[in-house]
Amino acid sequence: MTARDVVFAPGRQALYEKNRYSPAVRAGGLLFVSGQVGSREDGSPEPELEAQVRLAFKNLNAILDAAGCTFDDVQDVTVFIVDPESKFERIWSVVQEFWGEAPHPTVTAVGVTWLYGFQFEIKVVARLPD
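Everything numeric in this text was worked out from a predicted model, so none of it was measured. (Residues numbered from 1 in each chain as written. Predicted model: local features only at pLDDT ≥ 70, side-chain atom pairs only at ≥ 80, totals over all residues. Heavy atoms only, no water.)

(A) Quick look at the pattern of salt bridges. As enumerated under the stated definition, the model contains five salt bridges in all. Notably, a salt bridge pairs E46 with R40, separated by 3.6 Å at the nearest N-O pair. In this structure, D73 engages R127 in a salt bridge whose closest nitrogen and oxygen atoms are separated by 3.4 Å. Of this pair, D73 sits in the loop between α2 (49-66) and β4 (74-82) while R127 is found in strand β6 (residues 120-127), placing the two residues 54 residues apart along the sequence. (Salt bridge = Lys/Arg side-chain N within 4 Å of Asp/Glu carboxyl O. Helix = DSSP H or I, 4+ residues; strand = E, 2+ residues; numbered from the N terminus.)

(B) Spotlight on the nonpolar core. Ranked by internal contacts, the top residues of the largest apolar core, which has 30 residues, are L31, F57, L64, F120 and I122. For this core, the element with the most residues is α2, which contributes seven residues. Non-local contacts of I122, meaning those with residues more than four positions away in its chain, are made with S34, G35, Q36, A56, F57, L60, V77, T78 and V79. Residues V37, V112, L115 and F118 belong to the second largest nonpolar core, which totals six residues. (Core = buried A, V, L, I, M, F, W, Y, C linked by side-chain atoms within 4.5 Å. Buried < 20%, exposed > 50% of the residue type's maximum accessible area, 1.4 Å probe, protein only. Contact = heavy atoms within 4.5 Å.)

(C) Representation of the pairing of β6 in the model. With six of eight residues buried, β6 is to be regarded as a mostly interior element. The pairing of strand β3 (residues 30-37) with β6 spans six bridges and is antiparallel. Its bridge partner lying in β6, V33 is registered against V124. With seven bridges joining them, β4 and β6 adopt antiparallel strand pairing. The residue bridging V77 from the neighbouring strand is V124, located in β6. (Pairing = 2+ DSSP bridges.)

(D) Local environment of the packing of aromatic side chains. Across all of its chains, the model carries seven aromatic pairs by this definition. Judged by centre distance (5.6 Å) and plane angle (85°), the rings of W114 and Y116 are edge-to-face. Here the two residues W114 and Y116 agree in accessibility, since each one is exposed. (Phe/Tyr/Trp six-rings, centres within 6.5 Å; stacked < 30°, edge-to-face > 60°.)

(E) Inspection of the pairing of β3 at higher detail. Strand direction decides the pairing type here: strand β2 (residues 24-27) and β3, joined by four bridges, are antiparallel. Its bridge partner being in β3, R26 is matched across the sheet by L31. Counting the residues that bridge the hairpin from β2 to β3 gives two residues, and of these G28 lies at a positive phi of roughly 55°.

Written out as structure tokens, the structure is:
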């Protein structure tokens, strides 16, 4: 079996090692990024919803950058939202700050009941640069 080609954003490797998963893996010309949440450096949730979404994107963008990508390379997005009926519009207004110009990636939004104390999570698949 070939070892996974793992990508870490600077300064966050200890959190992933503690929780025993990889933040992102390169394979077949693609970057598979684990769900990113609005966690502070110590792993705790950012309490305010909009700030939590912005921090989730900051954490996502740090991983994309470590792999030589940007959000423009993202092809597929899955978002998880606790209580989407009451929070979707607030979250989606922040998402647009990071989304970029059309054509946009595909997106699947999933309502969930629990995200380990977070309200929003985003996972993506990006195309790696040539």
